[in-house]
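Read off the chains here:
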Amino acid sequence: MNGLFITFEGPEGAGKTTILNMLKNYNFGREVVFTREPGGIHIAEKIREVILDKNHTEMDARTEALLYAAARRQHLVEKVIPALKDGKIVICDRFIDSSLAYQGYARGLGIDEVLSINEFAINGVMPDLTLYFDIDPEVGLKRIADSEIREVNRLDLEKYSFHVKVQEGYQKVIERFQDRIIKVQADQPVNVVFEEVNKILAQYICD
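Residues numbered from 1 in each chain as written. Predicted model: local features only at pLDDT ≥ 70, side-chain atom pairs only at ≥ 80, totals over all residues. Heavy atoms only, no water.

J.: I keep staring at the overall build of the chain and nothing clicks. Help me out?
T.: Helix and strand counts for the chain come out as eight helices and five strands. Order of helices (α) and strands (β) in the chain, N terminus to C terminus: β-α-β-α-α-β-α-α-β-α-α-β-α. For a compact globule of 207 residues, the expected C-alpha radius of gyration is about 17 Å, and the chain comes in at 16 Å, within 12% of that figure. Taken over the C-alpha atoms alone, the chain extends approximately 45 × 40 × 30 Å along its principal axes. Out of the 207 residues belonging to the chain, those deemed buried represent 51%. Put simply, of all contacts in the chain between residues at least 6 apart along the chain, 79% involve residues at least 24 apart. Total accessible area on the chain is roughly 10300 Å²; 49% of this is exposed by carbon and sulfur atoms. Charge separation in the chain, taken as the distance between the mean sites of 26 positive and 33 negative side-chain charges, equals 2 Å. (Helix = DSSP H or I, 4+ residues; strand = E, 2+ residues; numbered from the N terminus. Rg over C-alpha atoms; globule rule 2.2 N^0.38 Å. Buried < 20%, exposed > 50% of the residue type's maximum accessible area, 1.4 Å probe, protein only. Contact = heavy atoms within 4.5 Å. Areas by Shrake-Rupley, 256 points an atom, 1.4 Å probe, with all protein chains shown as cover. Lys, Arg positive; Asp, Glu negative; His and termini not counted. Charge placed at Lys NZ, Arg CZ, Asp CG, Glu CD.)

J.: Even after reading the chapter, I still don't get the sheet that holds strand β3 (residues 89-93), so can you show me in this structure?
T.: Sheets are built from strands that pair by backbone hydrogen bonding, the pairs being arranged parallel or antiparallel. Spatially, β2-β3-β1-β4-β5 is the arrangement adopted by the five strands of the open sheet, whose pairing is parallel. Looking at strand neighbours, the two that pair on one side only are β2 (32-36) and β5 (181-185), the edges of this open sheet. Each strand axis lies, on average, 20° off the axis of its neighbour in the sheet, ignoring direction. Sheet analysis places strand β4 (residues 129-134) next to β5, joined by five bridges and oriented parallel. Note that in β5 the partner of L131 across the bridge is I182. (Pairing = 2+ DSSP bridges. Axes fitted to C-alpha atoms, helices over the stretch in contact; angles between N-to-C directions.)

J.: I keep staring at the UniProt feature "binding site: ATP" (unreviewed entry) in the chain and nothing clicks. Help me out?
T.: UniProt records the feature "binding site: ATP" (unreviewed entry) for G10, P11, E12, G13, A14, G15, K16 and T17 in the present numbering. With respect to the helices, strands and loops of the structure, K16 is situated in helix α1 (residues 16-23). Contact partners of K16, with chain neighbours within four places excluded, come to F8, E9, G10, D93, R94 and F133. Residue classification places T17 among the partly exposed residues on the basis of a relative accessible area of 36%. (UniProt positions renumbered as here; feature names shortened; annotations may be inferred.)

J.: How should the packing of aromatic side chains be read in this particular structure?
T.: We describe a pair of aromatic rings using the distance from one ring centre to the other and the angle between the two ring planes. Summed over the entire model, instances satisfying the criterion amount to six aromatic pairs. Taking the centre distance of 4.9 Å and the plane angle of 75° together, the rings of F5 and F95 count as edge-to-face. Highlighted residues: F5 in strand β1 (residues 4-9) and F95 in the loop between β3 and α4 (96-106), separated in sequence by 90 residues. Taken together, the aromatic side chains of Y102, Y132, F162 and Y170 make up a single cluster linked through ring pairs. Taking NZ or CZ as reference, R180 lies 4.7 Å from the ring centre of F177, over its face. (Phe/Tyr/Trp six-rings, centres within 6.5 Å; stacked < 30°, edge-to-face > 60°. Lys NZ or Arg CZ within 6 Å of the ring centre and 35° of its normal.)

J.: Would you take a moment to explain the side chain of R48 for this structure?
T.: Structurally, R48 can be placed in helix α2 (residues 42-52). Although buried, R48 forms no salt bridge, and the nearest oppositely charged side chain, E45, lies 4.5 Å from it. (Salt bridge = Lys/Arg side-chain N within 4 Å of Asp/Glu carboxyl O.)

J.: How should I be thinking about helix α5 (residues 111-122) in this particular structure?
T.: An α-helix turns once every 3.6 residues. As a result, residues three or four positions apart point the same way. An ideal rise of 1.5 Å per residue puts 16 Å on twelve residues; α5 measures up with 16 Å between its terminal C-alpha atoms. Within α5 the residues assigned to the buried category are I111, V114, L115, N118, A121 and I122. The buried residues of α5 occupy an angular sector of 115° when projected down its axis, which confines them to one face. The inward-facing, buried residues of α5 contact α3 (61-85), α4 and α7 (160-176). (Expected span 1.5 Å × (residues − 1). Arc of directions from axis to C-beta.)

Shown next, in the form of structure tokens:
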């Protein structure tokens, strides 16, 4: 595969989806596929509906982790891998690091255990570059509360302590995969964050 696989990560309200949408007007000099997890294709979007439904409060943590992995697998084989084989740039809103931080650390399943589930799902396909949008959980949750367009999902409704653990989990993930993860300070004005992301992507793609 001669394409580039780039992922955006971060806690709730970090603004990564906003930046990703802004990048759709940016000229990368190569064809770019923008997508998201869970979702991106029909089957994975159906699984997304199950995972994020606010009424599914009884969902077991292992069930949640397995559903994410299943959606990830289908998304990879149906959309991501074909695009990479065609030499395209794939920019994905969330990937494996989300599972490690949310289910592995914040849910207490264990980062290594969730990594094992996902290694089976992804079969060696890892991002070439990951941008982590870092923001204080309190600031991120306030953004969600103040937004008139963002739909609140099941994870948004978790206790504040859960979101703190998500951020802690991401720090563990960054330490483990520091060779591919670049941190972006996401509590800056959106135009400042956008310019910083542009600079990182332009440098990486050109190299």
